[in-house]
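Structural overview for review
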Amino acid sequence: MPLLDVFGISASGLTASRLWLDITANNIANLQTAGRPNDPLNPAYRRKVPVFAEKLRQALDSPPGRPSFNAAGVSVAAVVEDPSPPRLVYEPSHPLADPNTGYVAYPNINIANEMVSMIAATRAYEANVTVLNAAKDMALRALEIGRG
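Residues numbered from 1 in each chain as written. Predicted model: local features only at pLDDT ≥ 70, side-chain atom pairs only at ≥ 80, totals over all residues. Heavy atoms only, no water.

**Quick word on helix α3 (residues 111-147)**
- Between the first and last C-alpha of α3 there are 54 Å, a value that for 37 residues agrees with the 54 Å anticipated at 1.5 Å per step.
- Of the residues making up α3, those classed as buried are Glu114, Ser117, Ala121, Asn128, Ala135 and Ala139. (Helix = DSSP H or I, 4+ residues; strand = E, 2+ residues; numbered from the N terminus. Expected span 1.5 Å × (residues − 1). Buried < 20%, exposed > 50% of the residue type's maximum accessible area, 1.4 Å probe, protein only.)

Rendered as structure tokens:
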């Protein structure tokens, strides 16, 4: 794999990590968004989770000869909703409370899990920046050797 292909691979990781961080921030921002239980017109916000997919398989399935490592890296294949049920809180005076039970549906978001997700996304971003800087340094040193 040529040295310069590392830039594309690292850039795909940076893009995926940033989207992961954006999704996590959106989940935290909607932590207190209320909905009515079992009401399709006023549902509670559902936690979103990114699904990552490797691009290496596409690169290895390329025609014989040199594999196309431009397609290597990672991508966000989908953003799915967490299927766990919403958190029900008894608040009979809330405008979105179920008239029969008095419960309000809140998102299925746990702030501790979101903070862990945010830290993991940040660490993944930092790791890709480190790879990008190391590849840049290697390319610069190769140019210096070429100048001789």
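**Quick notes on the UniProt feature "domain: Flagellar basal body rod protein N-terminal" (unreviewed entry) in the protein chain**
- UniProt annotation of "domain: Flagellar basal body rod protein N-terminal" (unreviewed entry) refers to residues 10-35 when read in the numbering used here.
- For residues 10-35, the end-to-end C-alpha separation is 40 Å, with 77% helix and 0% strand making up the annotated structure. (UniProt positions renumbered as here; feature names shortened; annotations may be inferred.)

**Here's the deal with the pattern of salt bridges**
- Under the defined criterion, the tally for this structure stands at five salt bridges.
- Note that arginine 36 and aspartate 39 form a salt bridge whose closest N and O atoms lie 3.9 Å from each other.
- Via salt bridges that share partners, Arg47, Asp82 and Glu114 belong to a single interconnected network. (Salt bridge = Lys/Arg side-chain N within 4 Å of Asp/Glu carboxyl O.)

**Considering helix α1 (residues 5-29)**
- If you check α1, its first and last C-alpha atoms are 37 Å apart, about what 25 residues at 1.5 Å a residue would give, namely 36 Å.
- For α1, every residue scored as buried is listed here: Asp5, Ser10, Ser12, Gly13, Leu14, Ala16, Ser17, Trp20, Ile23, Thr24 and Asn27.
- Those residues of α1 that are buried are in contact with β1 (48-54), β2 (74-81) and α3. (Contact = heavy atoms within 4.5 Å.)

**What about the environment of asparagine 27?**
- Locating asparagine 27 in the fold gives a position in helix α1.
- Considered as a pair, asparagine 27 and proline 107 are 80 residues apart in the sequence and their alpha carbons are 8.8 Å apart.
- Beyond its immediate stretch of four places on either side in the chain, asparagine 27 contacts Tyr45, Arg47, Lys48, Ile109 and Glu114.

**With respect to the packing of aromatic side chains**
- Inspection of every chain in the model, using the stated rule, returns two aromatic pairs.
- Note on tryptophan 20 and phenylalanine 52: the rings are 5.5 Å apart at their centroids and 70° apart in plane angle, and the pair reads as edge-to-face. With tryptophan 20 in helix α1 and phenylalanine 52 in strand β1, this residue pair connects regions lying 32 residues apart in the sequence. (Phe/Tyr/Trp six-rings, centres within 6.5 Å; stacked < 30°, edge-to-face > 60°.)

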